[in-house]
Amino acid sequence: MTIPNTFLPGFRLIDGSQLNSNFAALGAADGPQSGVTYYVNATAGADAGNGGQDPLNPLATIDAALVLEKAALAQVGLGSVGRNSIVAIWGTLHRTATLSWNLPGTHLVGLCAPGGSERARISSTGTVPFSPLVSVPSGSSGCMFVDIQAFHGGQTGGTGSQVCWDEEGGRNFYSNVQFLGGGDATIAILAGCRSLTVGSDDNKFYDCIIGLDTIQRGTAVNAELEFIAGTSALPARNTFRQCIFNMWSSLTTNLHVLVTVMDRYTYFDHCFFNNNINSGGGSLLAVGFTVTGTAGQVIIDRCASVGATKFATSGNIYQIDATTGLGTKIT
C-alpha cells in the first residue's frame, strides 16, 4: 500500500477528491486503521467456530476475541503494535480467573449508556478469590478502554492483595471506566485491597470512577489507587482528569491514593475525593494521600475532598493555587 505524502498542485482539492483518496488509503485492508470489531455477550454468544464480527452472533468471552486478534496480528506482522481492533461488550461477563489484556493497540468498548453504573462490565464470580480481576501487562500499550465497569467482589475469603485492575502497559487511555474493588466485605478489609494499581507511564484517566462506597473498608492500609513498581517501568506522567474517588471507611487510616514509588509526576485535575463519613460507621480520614519514597511529585489542581482532614501532611505533593497558578507543597 502506498499513501500519497503530497497534494497535487492547482485547485483540484476544491472537491476533496485527493484528500478523500488519502483517507481511503489509510483505511485500506493493510493500512494502520484496518482493525475489525469483535462483539461479545455472555448470554447470546458462543465461542466455538465463531469469528465474532457479527453483532447478531457474538462471542461469549473476551478471551476468545483476544485469541482471534492475536492470530490475525501474527499473520500481518503487527503483533508488537496492534491494528486498532475493537472488542465491543454488553451485559455482564463473569470471570473466575484474571483477564489478561495482552495485546497492544487493541481497544475495549462498552455498548451501553455512559451513565454512573455501566452494565457493560467485567465481574468476578465463583468461590475462590483471585487477583487482579483485569491485568494490562507490560507491552500492552496504545489501548483505549471506554464505557466499561470492572467489579471485583461477590466472593468470600482470600488473603493478601486483592486488586480489581492492574495497569502496567503504559500509554493507555481510559474514559468513563469504573474500577470497583473490594466488592465483598471479606476482601474489602484486606490490607492489599485496591481498586486500581498503576505501574506504568503516560496513561490518561478521564471521567473515571475509582473505588466504591457500598462495602465498608476496615483495614489500616487500604487504598483505592496505588502506584507500584511495574514489571518494566515506574509510574510516570499519569493524568487523572474529572475522576471521582469513592470510599466508605470505618478507620481514619485508609487512603484514597497511596504513592510508594513514582517518577516524574502524576497530575490530578478537577477530581473529587469522597469518603462517606455520614453513613453508618464512617470515619474521617486523617489524610487522603500518602506519598513516600518518590522521586517525582503529585500535583493536585482544582480538586475537592470530603471525608478527609487534609489531602496530605508530607511528601512531594503540591496543590495549585487558584489565583496565582503556582504549586505549593503540602506539609
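Residues numbered from 1 in each chain as written. Predicted model: local features only at pLDDT ≥ 70, side-chain atom pairs only at ≥ 80, totals over all residues. Heavy atoms only, no water.

*Asks:* Looking at this structure, I do not really get the packing of aromatic side chains. What am I missing?
*Replies:* For any two aromatic rings, the description comes down to two numbers: the centre-to-centre distance and the angle of the planes. Scanning the model with the defined rule gives 20 aromatic pairs in all. Between F145 and Y174 the ring centres are 4.8 Å apart and the planes differ by 15°, which places this aromatic pair in the stacked class. Taken together, the residues F145 in strand β8 (residues 144-151) and Y174 in strand β10 (residues 173-180) connect sequence positions 29 residues apart. The residues F145 and Y174 share a single accessibility class, namely buried. (Phe/Tyr/Trp six-rings, centres within 6.5 Å; stacked < 30°, edge-to-face > 60°. Helix = DSSP H or I, 4+ residues; strand = E, 2+ residues; numbered from the N terminus. Buried < 20%, exposed > 50% of the residue type's maximum accessible area, 1.4 Å probe, protein only.)

*Asks:* I'm lost on helix α2 (residues 62-76) in this one. Help?
*Replies:* Turn by turn, an α-helix covers 3.6 residues, leaving residues three or four places apart pointing in a common direction. With 15 residues, α2 should cover 21 Å at 1.5 Å per step; its first-to-last C-alpha distance of 22 Å lies within 8% of that length. Where α2 is buried, its residues touch β1 (37-40), β2 (85-89), β3 (91-95), β4 (99-100), β5 (106-110) and β6 (120-124). Taken from the residues just after α2, G77 is the one with a positive phi, measuring 70°. (Expected span 1.5 Å × (residues − 1). Contact = heavy atoms within 4.5 Å.)

*Asks:* Explain the nonpolar core here, please?
*Replies:* Soluble globular proteins tend to bury their nonpolar side chains together. Counting residues in each nonpolar core, the largest one holds 56 residues, and the members touching the most others are I62, F240, F268 and F289. The dominant element in this core, judged by the number of residues it contributes, is α2, at six residues. Discounting chain neighbours no more than four positions away, the residues touching F240 are L196, F205, I210, L225, F227, F245, T266, Y267, F268, D269 and C271. Of all hydrophobic cores here, the second largest spans six residues; its members include L180, A188, L212 and I215. (Core = buried A, V, L, I, M, F, W, Y, C linked by side-chain atoms within 4.5 Å.)

*Asks:* Help me understand unusual backbone geometry in this model?
*Replies:* Residues other than glycine predominantly adopt negative phi, and peptide bonds predominantly adopt the trans conformation. Cis geometry marks the peptide bond from S131 to P132, where omega comes out at -5°. One non-glycine residue with positive phi stands out, namely R264, at about 60°. One non-glycine residue, R302, adopts positive backbone phi at about 55°. Along the chain, R302 turns up in the loop between β22 (297-301) and β23 (304-306). Accessibility expressed as a relative area gives 48% for R302, which makes it partly exposed.

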